[in-house]
Amino acid sequence: MAMKKILILATFALIAASCVSLDIPPKNIVSDDDLLSSQSGLQVYMARLYSQMPWEDFKYIASNGFSGNSWLGCLGVEGTGEAVTRDNICTSFTSESTSLWGRAFTLIHDANHLIETLPFYRDNYPEVTFNEFIGQGYFVRAYTYTQMARRFGGVPIVQREISYPFEGDIEVPRSSERATWDAILEDWDMAISLLPATSTFDDTPNRYAALAFKAEAMLYAGSVAKYNEQVDGRLTGLGEKTKIRVIGFSEGDWFECSNRYFAEAYKAAKEVIDSGRYSLYRKSWAGGDPEAQYKNMNDMWRDLTSPENILVREYSYPILSHGLDAYSSPWIYRMPLSAGTCPTEDLLELFDGFQRYGDGTIRVTDGADHTLGTYLLYEHPMDFFEGVEPRLRAYVIFPGDVFKKDSIEVRTGIYTGPLPISPIRDSYDFSQRGRFYQHMALYTDESARTLFLSPNEHTGPVTYTDVNTGAEVTTWAAGENGPFFSNAEATMTGLYLRKYLDPDRPLEEIGEGKSDQPFILMRYAEVLLAAAEAAVELSLAGQPSPVGDDMLQVATDAIRDIQNRAGAVEIRSKLTGTIASRDIVRKERRKELAFEQKSKWDIRRWRVIDEKNRDGFWGEQREHSSWSDGSRFAFKGLYPFYSTQAGKWFFDICFENHKTFSYSPVNYYFAIPSGEVTKSDYIDQQPNR
């Protein structure tokens, strides 16, 4: 949400106060009369508020916190399973390098100042304008507290203007988690009641944005209240200092709270749906045409006129930019890095159109699973993906597919041995994930080598006779985009990100801080998914629709609409109040919202990351013992090879050998910054830490 016109004004205001802290308004330099008595001054105030918002977009990685730095910009690598990357930023989402705690209370202070002080200038504004600005103050406070509660559970609720850091008689203890979510609900409802249906100012939230974010927040609250109960020992506890239930819900409260929050989520999402203001993006979509469906979903991320966009953060080089293209493009476009977002084979498993084994996993051999039988062979790598749903192709660059008018050559190696070809690894077990292709005898036995690999770019030369032409061919073992076994700056999984990359950006304009495609903070598809999930959860609990409609039909229509646009297989039967239907909705969220900074929160609120509950990690039931050893878990790649004897391609599935992840139930809540706990008589650390 760039608020371009407003930001220009804000820039001049900040230049004028260049040596003044941005955390507290410099009232000795810029007074309330300057900022709150006129619409132009208020625009500066709001620009500053929104520039400090804890949005999670291209500039957000847990390792950077909310520093506003897009260094190593990547998506979906924080233990979601969507992607991995070579750097230490690829780890489970258990903390942030810089805690949101202090930043959040500074922002809440400024929102409270607006809410309390603007009424003194009420006569300066038309009623609708005054209400809109007050509504934006509530939006900022509601969103900031939502971000706090998702991380910490119960937090200090400050609804009046007081200084931060808290000191002396103004210290505020943590509220219970229930009281925190109840206060957040009240703030969202205030924002909804005050914001207009159409924003007065460019790119600021309107009533429907507030409704959509309310639905997102209440889904989180409802899920925590319910699914804390499935974590060993019930995930709840009292603070040592205050004896307040700072995380979780009491045994007598959780069921009622969960149902109430899910009902609020449904009502909010349904109001957005019923408004008719938004729809799924279908500008170039055509039924029965996978190419058109792929193009449609590929175009939507950069189209600011999309009817699906509810709230967007705009970028504009060089004033406000990010670095996604510099860090996550294929190897041949590295400026200065690449491949920061390497999608996993595990993610691909969610999508329709692949050949499958009996257990539902993607088929690469003619055996009972990918470790048995002999490899299936393909004339071209893209033949493997024939019939796969177009949505996946819009999210992931497949080996051999086109990006920026270039065929993206991805090849793990060249196999010169006889046919048929048995699985080339000596073990596919989780315990052997560190033994990769370069450790196999097919490669290490130089006297009888039949597997050729490249440690780096333009290494590993191999000469063979083309079976079709009889010509002698000399090439490098790995493709020009890798994978290379000693250089993880090319793809680590055989796959590259496509979603959100700019296919039209000239090579000379790829670089750190040069990208300016927008990030969609909230879109209509997420509203449909929220309505569907809340409806099924309420039905599971035996609750009626909070608005008296057939909420399961609404849920069914929402999922079918998303699947139809995606080119996926549509569900045939009406959703029901069952675990099976709940998982249909969850799986669709995992597919649709991949790489949008949403999945890391979904798997947290569903409480499916810890070892006991990890079978539900992907939104569907997957036996996780094959990708976990009881303490750590890992994700797989899809690795293409060329067979010189067949003149064809085959694919191998195995664990990516660089990254493993761990997660304990205690990680469902971030630790409170130790300094806050140490200096305070009231702020409690999380129980069990």
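Residues numbered from 1 in each chain as written. Predicted model: local features only at pLDDT ≥ 70, side-chain atom pairs only at ≥ 80, totals over all residues. Heavy atoms only, no water.

**Some points on the overall build of the protein**
Piece 1. Across its full length, the protein holds 18 helices and 18 strands.
Piece 2. For a compact globule of 689 residues, the expected C-alpha radius of gyration is about 26 Å, and the protein comes in at 26 Å, within 12% of that figure.
Piece 3. If one aligns the C-alpha atoms of the protein with their principal axes, the spans along those axes are about 85 × 55 × 55 Å.
Piece 4. For the protein, buried positions account for 61% of its 689 residues.
Piece 5. The long-range fraction of contacts in the protein, counting pairs at least 24 apart against all pairs at least 6 apart in sequence, stands at 72%.
Piece 6. Surface exposure of the protein reaches about 24,600 Å², of which carbon and sulfur atoms provide 50%.
Piece 7. Counting 71 positive and 96 negative side-chain charges, the protein places the averaged centre of each group 2 Å from the other. (Helix = DSSP H or I, 4+ residues; strand = E, 2+ residues; numbered from the N terminus. Rg over C-alpha atoms; globule rule 2.2 N^0.38 Å. Buried < 20%, exposed > 50% of the residue type's maximum accessible area, 1.4 Å probe, protein only. Contact = heavy atoms within 4.5 Å. Areas by Shrake-Rupley, 256 points an atom, 1.4 Å probe, with all protein chains shown as cover. Lys, Arg positive; Asp, Glu negative; His and termini not counted. Charge placed at Lys NZ, Arg CZ, Asp CG, Glu CD.)

**A closer look at empty space enclosed by the protein**
Any empty space left between the atoms is revealed when a probe the size of a water molecule rolls over them.
Piece 1. Going through the model one piece at a time under the given rule, you end up with nine cavities of 30 Å³ or more.
Piece 2. The volume enclosed by the second largest cavity comes to roughly 160 Å³.
Piece 3. Taken together, 17 residues make up the lining of the second largest cavity; nearest its centre are Phe-436, Gln-438, Pro-483, Phe-484 and Phe-485. (1 Å grid on protein atoms, 1.4 Å probe; cavity = no way out; pocket = protein on both sides within 12 Å on 5 of 7 lines; lining within 4 Å. Points joined across faces, edges and corners; volume = space filled by probe spheres on them.)

**A short note on the packing of helix α4 (residues 100-117) against helix α5 (residues 127-152)**
Piece 1. At a minimum axis distance of 9 Å, the contact between α4 and α5 shows a crossing angle of 160°. Between α4 and α5, the angle falls in the class roughly antiparallel. The element α4 and its partner α5 pack so that their crossing is left-handed. Here Leu-100, Trp-101, Ala-104, Phe-105, Leu-107, Ile-108, Ala-111, Asn-112, Leu-114 and Ile-115 of α4 lie close against α5, whose contacting residues are Phe-133, Ile-134, Gly-137, Tyr-138, Val-140, Arg-141, Thr-144, Tyr-145, Gln-147, Met-148, Arg-151 and Phe-152.
Piece 2. Residues belonging to the contact of α4 with α5 are distributed by class as follows: 16 nonpolar, four polar and two charged. (Axes fitted to C-alpha atoms, helices over the stretch in contact; angles between N-to-C directions. Parallel < 35°, antiparallel > 145°, perpendicular 65-115°, else oblique. Left-handed = near helix turned anticlockwise from the far one by under 90°. Nonpolar A, V, L, I, M, F, W, Y, C, P; charged D, E, K, R; others polar.)

**What about the packing of helix α14 (residues 524-540) against helix α15 (residues 551-566)?**
Piece 1. Packing of α14 against α15 brings their axes to within 8 Å, and their N-to-C directions diverge by 145°. Relative to α15, the crossing made by α14 is left-handed. Contacts between α14 and α15 involve Ala-525, Leu-528, Leu-529, Ala-532, Ala-535, Val-536, Leu-538 and Ser-539 on the former and, on the latter, Met-551, Leu-552, Ala-555, Ala-558, Ile-559, Asp-561, Ile-562 and Arg-565.
Piece 2. For the contact of α14 with α15, the per-class residue count stands at 13 nonpolar, one polar and two charged.

**Points about the state of the cysteines**
Piece 1. For the coordinates displayed, the defined rule picks out zero disulfides.
Piece 2. Here Cys-654 is not disulfide-linked; the sulfur of Cys-342 is the nearest cysteine sulfur, at 14 Å.
Piece 3. Taking relative accessible area as the criterion, Cys-654 reaches 3% and is therefore assigned buried. (Disulfide = S-S within 2.5 Å.)

**Quick word on helix α6 (residues 177-194)**
Piece 1. Between its first and last C-alpha, α6 extends 26 Å over 18 residues, near the 26 Å set by a 1.5 Å rise per residue.
Piece 2. Among the residues of α6, those classed as buried are Glu-177, Thr-180, Trp-181, Asp-182, Ala-183, Ile-184, Leu-185, Asp-187, Trp-188, Ala-191, Ile-192 and Leu-194. (Expected span 1.5 Å × (residues − 1).)

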